[in-house]
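Here is what each chain is made of, one letter per residue.
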Amino acid sequence: MSYHTKLTTLVLMFNSTELFCVIDDFFLKFESTYWEFLKQNRGSLRIRTAQLTISEICFIAIWYKCSHFNNFKAFFSWLKEDKSHLFKYLPCYQRMIHLINMHELALHALHVALMKGQGTQYLWIDSTTLPVCKNQRIQRHKSLVQIASRGRSSMGWFYGCKLHIVMNQFGEISCSALSNGHVADIKMVEQLVAGVEAKLYGDRGYISQELKIRLKHQGIDLIIYHRKNMQAIQLCASDEYHLRQRNKIETLFSLLKGQYNLVTSKARSLHGFLSGIYASLCAYQLTHRNKPTIQIKESSA
């Protein structure tokens, strides 16, 4: 079996009709608000609409992330050859890229809508790096210079951004945020969990007594491991167990990067970079069946 045949088989196994129906149902309610927002913020009385609907544009962007194709050009060529009957009209490759980048805000709105109601009593927080180029090419990189910065993670130095995610016990994304690469993880916590009351489990990167006190006033109990040179804190059996389950959020990041092409060095504009990230997040939220779940262990106290 050829490589192209294997890719085609994987794409056909995916239920594209079900995905489109979910996306279209959302935009049937949201589209009028979206166009009104664009007119007010862009200062234009008229925005030229494409022959493809917003639902179809977002559907194609998300379908690509689920398709196992390595680049969008190959995916779009396959779409025009084998699946053109699903659409009334498909533009050229350059126009399709422009449409997806132009409606990056629509993908973001869909991602935010899918996070609604995902907050639970137990949450896990972590961040992952989104390098935009290799370290050797930092001086030559110009496309995302306005948002990318040098940062350091447990894997070493990188140049790019960070994705911060809060996950619940069902493997669903409850909150997410993007930051520059140099921003410390603890600076993003309050923004992520605003309006939430829960137990929040994190790694040692979130150690901060001041942050813990501020979160306590908001109804959030931040639970983390202590460092070797710190006074030991006795945790109850359930908190100890839930803290050990933090590897599940690492599994979520692995899925986003390995299966849904979260990290790419092919973005040539800020809107293209952001639309790719939101499409990957939506693809995971809408299509991934076996999410990394955590069995909750209630406290005996």
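These figures come from a predicted structure and were not determined experimentally. (Residues numbered from 1 in each chain as written. Predicted model: local features only at pLDDT ≥ 70, side-chain atom pairs only at ≥ 80, totals over all residues. Heavy atoms only, no water.)

### Some points on the side chain of Ser-176
Put simply, the test is: Strands are runs of DSSP state E lasting at least 2 residues, helices are runs of H or I lasting at least 4, and numbering of each runs from the N terminus. The term polar contact refers here to a pair of N or O atoms within 3.5 Å; inside protein, the definition further demands a hydrogen-donor-capable atom paired with an acceptor-capable atom, and it admits residues adjacent in sequence only when both atoms are side-chain atoms. By definition, residues are in contact when any of their heavy atoms lie within 4.5 Å.
With respect to the secondary-structure elements, Ser-176 resides in strand β4 (residues 173-180). At 2.7 Å, the side chain of Ser-176 forms a polar contact with the side chain of His-111. When neighbours within four sequence positions are excluded, Ser-176 is seen to be in contact with His-111, Met-115, His-164, Ile-165, Leu-192 and Leu-281.

### Focus on the environment of Lys-266
Residue position: Lys-266 is located in the loop between α10 (247-258) and α11 (270-287). Taking the C-alpha atoms as reference points, Lys-266 and Leu-178, 88 residues apart in sequence, are found 18 Å from one another. Beyond its immediate stretch of four places on either side in the chain, Lys-266 contacts Asn-70 and Asn-71.

### Quick notes on the confidence of the model for the chain
Heads up, the rule is: The predictor's confidence in any single residue is recorded as pLDDT, a number from 0 to 100.
Confidence in the prediction of the chain, expressed as mean pLDDT, is 86, and 90% of residues score 70 or more. Below a pLDDT of 50 lies the segment residues 1-13, which in the model reaches 14 contacts outside its immediate sequence neighbourhood of four places, other chains included.

### Considering the pattern of salt bridges
Once their charged atoms are close, side chains differing in charge can pair, the charge on each being opposite to the other. Rule in force here: Any carboxyl oxygen of Asp or Glu within 4 Å of a side-chain nitrogen of Lys or Arg constitutes a salt bridge here. Accessibility here uses a 1.4 Å probe with only protein chains present; expressed as a share of the type maximum, an area under 20% marks a residue as buried, one over 50% as exposed, and anything in between as partly exposed.
Throughout the structure, instances matching the rule amount to ten salt bridges. Between Lys-291 and Glu-172 there is a salt bridge, with the nearest N and O atoms lying 3.8 Å from each other. Residue Lys-291 is found in the segment after α11, and its partner Glu-172 is found in the loop between β3 (156-168) and β4; the two are separated by 119 residues along the sequence. Summarising the burial analysis for this pair, Lys-291 and Glu-172 share the class buried. In this structure, the salt-bridge partner of Asp-221 is Lys-216, at a minimum N-O distance of 3.8 Å. What emerges from the salt-bridge pattern is a single network uniting Asp-126, Asp-203, Arg-246 and Glu-250.

### Regarding the packing of α10 against α11
This is how it is decided: Here an axis means a line fitted to C-alpha atoms, over the contact stretch when the element is a helix, while the angle between two N-to-C directions is reported on a 0 to 180 degree scale. Handedness of a helix crossing follows the sense of rotation of the near helix relative to the far helix, less than a right angle counterclockwise being left-handed and clockwise being right-handed. Charged residues are taken to be Asp, Glu, Lys and Arg, nonpolar residues to be Ala, Val, Leu, Ile, Met, Phe, Trp, Tyr, Cys and Pro, and polar residues to be all remaining types, Gly included.
Remark: α10 packs on α11, axes separated minimally by 10 Å, with the N-to-C direction vectors making an angle of 115°. The handedness of the crossing between α10 and α11 comes out as right-handed. Contact residues: Leu-252, Leu-255 and Leu-256 in α10; Ser-280, Leu-281 and Tyr-284 in α11. Of the residues contributing to the contact of α10 with α11, the split by class is five nonpolar, one polar and no charged.

### Topic: the packing of aromatic side chains
In plain terms, the rule: Ring pairs are drawn from Phe, Tyr and Trp, using the six-membered ring of Trp, whenever the two centres fall within 6.5 Å, and their geometry is named by plane angle: stacked under 30 degrees, edge-to-face over 60, tilted for the rest. We call a charge positioned over a ring when the NZ of a Lys or the CZ of an Arg lies within 6 Å of the ring centre and within 35 degrees of the ring normal.
Counted according to the given criterion, the structure contains 20 aromatic pairs. An angle of 35° between the planes, with centres 5.1 Å apart, marks the rings of Phe-59 and Trp-63 as tilted. Linking Phe-59 with Trp-63, this pair stays in helix α3 (residues 54-66), spanning four residues, or about one helical turn. Assigned by exposure class, Phe-59 and Trp-63 land together as buried. Aromatic ring contacts, followed pair by pair, group Phe-20, Phe-59, Trp-63, Tyr-64, Phe-69, Phe-72, Phe-75, Phe-76, Trp-78, Phe-87 and Tyr-93 into a single cluster. Stacked on the ring of Tyr-93, the Lys or Arg Lys-73 has its end atom at 5.4 Å from the ring centre. Here Lys-291 stacks its cationic end above the ring of Tyr-284, 5.3 Å away from the centre of that ring.

### Topic: unusual backbone geometry
Phi at His-68 is positive, roughly 70°, even though this residue is not glycine. Here Asn-261, not a glycine, exhibits a phi torsion of approximately 50°, which is positive.

### Here's the deal with the nonpolar core
The condition is simple: The set of buried Ala, Val, Leu, Ile, Met, Phe, Trp, Tyr and Cys residues whose side-chain atoms join them within 4.5 Å is what this entry labels a nonpolar core.
Counting residues in hydrophobic clusters, the biggest one holds 72 residues, and the most contacted among them are Ile-23, Ile-60, Ile-62, Phe-75, Ile-165 and Phe-273. Here Phe-273 is in contact with Leu-130, Val-132, Leu-144, Ile-147, Cys-161 and Ala-267, once residues within four sequence places are set aside. In terms of nonpolar packing, the next biggest core, distinct from the first, is built from 20 residues, Ala-177, Ala-198, Ile-207 and Leu-222 among them.

### A short note on α10
Where we set the bar: Here the expected span of a helix is defined as 1.5 Å times the quantity of residues minus one. The directions considered for the arc are those from the helix axis to the C-beta atoms.
For α10, with twelve residues, the first-to-last C-alpha span of 16 Å sits near the 16 Å given by 1.5 Å per residue. Residues of α10 that are buried include every one of Ile-249, Leu-252, Phe-253, Leu-255 and Leu-256, and no others. Along α10, the residues classed as buried sweep out an arc of 160° about the axis, all on the same side. Opposite its buried face, α10 presents the exposed residues Ser-254 and Gly-258, each directed more than 90 degrees away. Tucked inside the fold, the buried residues of α10 contact β1 (122-131), β3, β4 and α11.

### Quick word on α3
Compared with an ideal rise of 1.5 Å per residue, which puts 13 residues at 18 Å, α3 spans 19 Å between its outermost C-alpha atoms and is within 8% of the ideal. Where burial is concerned, most of α3 is hidden: 13 out of the 13 residues are buried. With its phi angle positive at about 70°, His-68 sits one or two positions after the end of α3.

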